[in-house]
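Report on the structure
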Amino acid sequence: EVRTTLMLRNLPSYFTRDLLRELLDDNGFSKRYNFIYVPHDFSRGRSLGYAFVNMESAQDAMQAWECFTNFEQWTIPSSKKCTVSWGDPLQGLKMHVEKFRNSPVMHQVVPDEFKPMLFNKGCPTPFPGPTK
């Protein structure tokens, strides 16, 4: 089984999707991921402290795993150390697209910055529409 989806945990409370993109790009992973999602607590206006990233290849995933294990050089104030695990139960881009295209988080009333994002060679790509 090829694994490409990582779960990054112990992220700063005010971590955003844009900060995740910046973190990945600034650490050498630009154009090496095709999906990101930072779940949020909408009532409190902050992240839940974890994120999902699907890398382009298993090799990219392993390099990101090594890079972000115990990572603590955040661009926002935080003393947290990142931990990394495999995304479970979803692995791979297709599974994430299928899950989120019909998710309430994709509804038009949800602010864009709280939604998952797709990329093709580093460029944001529209999410496919719902099937239900």
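Refer to the structure above for everything that follows.
Summarised in this report is the structure supplied together with it. Computed from a prediction, not measured in an experiment: that's the story for all the values here.

A few points about the side chain of N54
Locating N54 in the fold gives a position in strand 5 (residues 50-55). Residue class for N54 comes out buried when judged on its relative accessible area of 2%. Among the polar contacts made by the side chain of N54, one reaches the side chain of T4 at a distance of 2.8 Å. Side chain to side chain, N54 and T5 meet in a polar contact 2.5 Å long. Not counting chain neighbours up to four residues away, the residues in contact with N54 comprise T4, T5, Y33, N34, F35, G92 and L93.

Comments concerning the packing of helix 1 (residues 17-29) against helix 2 (residues 58-68)
Think of two packed helices as two axes; the pair is described by the angle between the axes and how far apart they sit. At a closest axis distance of 11 Å, the pairing of helix 1 and helix 2 adopts a crossing angle of 105 degrees. One finds that helix 1 runs roughly perpendicular with respect to helix 2. Along the contact surface, helix 1 presents L23, L24, N27 and F29, while helix 2 presents D60, Q63, A64, C67 and F68. Grouping the constituent residues of the contact of helix 1 with helix 2 by class yields 6 nonpolar, 2 polar and 1 charged.

Comments concerning unusual backbone geometry
Cis rather than trans, the peptide bond between D88 and P89 has omega equal to 10 degrees. In this structure, P89 sits in the loop between strand 6 (83-86) and helix 3 (93-100). The backbone phi angle of K31 is positive, close to 65 degrees, even though this residue is not glycine. Summarising the element assignment, K31 is placed in the loop between helix 1 and strand 2 (33-37). What makes K31 exposed here is its relative accessible area of 55%. Residue N70 is not a glycine yet carries a positive backbone phi of 65 degrees.

A closer look at the nonpolar core
Counting 24 residues, the largest nonpolar core has L20 and F68 as the members making the most contacts within it. Of all elements in the fold, only strand 1 (5-9), helix 1, strand 2, strand 5, helix 2 and strand 7 (117-120) reach the threshold of two or more residues within this core. Looking at which element gives the most residues to this core, the answer is helix 1, with 5 residues. With near-sequence residues (within four places) excluded, L20 lies in contact with L8, F15, I36, V38, A51, F52 and V53.

Some words on helix 3
Three- or four-residue spacings in an α-helix give side chains the same orientation, since the helix completes a turn every 3.6 residues. Within the span of helix 3, buried status applies to H96, V97 and F100. Around the axis of helix 3, the buried residues are gathered within 100 degrees of arc, so they sit on the same side. Of the surrounding elements, those touching the buried residues of helix 3 are strand 1, strand 2 and strand 7.

Section: a negative patch on the surface
A cluster of acidic side chains, namely D18, E22, D25, D26 and E113, defines a negative patch on the protein surface. Relative to the elements of secondary structure, D18 occurs in helix 1.

A short note on the packing of aromatic side chains
Scanning all chains against the criterion turns up 9 aromatic pairs. Aromatic side chains F35 and F100 sit 5.8 Å apart centroid to centroid with 35 degrees between the ring planes, which places their arrangement in the tilted category. Of this pair, F35 sits in strand 2 while F100 sits in helix 3, and the two are 65 residues apart along the sequence. Across this residue pair, the class does not change: F35 and F100 are buried. Centre to centre, the rings of W65 and W86 are 4.9 Å apart; their planes meet at 55 degrees, and the pair counts as tilted. Of this pair, W65 sits in helix 2 while W86 sits in strand 6, and the two are 21 residues apart along the sequence.

The rules behind these values
Residues numbered from 1 in each chain as written. Predicted model: local features only at pLDDT ≥ 70, side-chain atom pairs only at ≥ 80, totals over all residues. Heavy atoms only, no water. Helix = DSSP H or I, 4+ residues; strand = E, 2+ residues; numbered from the N terminus. Buried < 20%, exposed > 50% of the residue type's maximum accessible area, 1.4 Å probe, protein only. Polar contact = N/O pair within 3.5 Å; in protein donor to acceptor, adjacent residues only side chain to side chain. Contact = heavy atoms within 4.5 Å. Axes fitted to C-alpha atoms, helices over the stretch in contact; angles between N-to-C directions. Parallel < 35°, antiparallel > 145°, perpendicular 65-115°, else oblique. Nonpolar A, V, L, I, M, F, W, Y, C, P; charged D, E, K, R; others polar. Core = buried A, V, L, I, M, F, W, Y, C linked by side-chain atoms within 4.5 Å. Arc of directions from axis to C-beta. Patch = residues over 30% accessible without salt bridge, like charges linked within 9 Å, V, L, I, M, F, W, Y side chains within 5 Å. Areas by Shrake-Rupley, 256 points an atom, 1.4 Å probe, with all protein chains shown as cover. Salt bridge = Lys/Arg side-chain N within 4 Å of Asp/Glu carboxyl O. Lys, Arg positive; Asp, Glu negative; His and termini not counted. Charge placed at Lys NZ, Arg CZ, Asp CG, Glu CD. Phe/Tyr/Trp six-rings, centres within 6.5 Å; stacked < 30°, edge-to-face > 60°.

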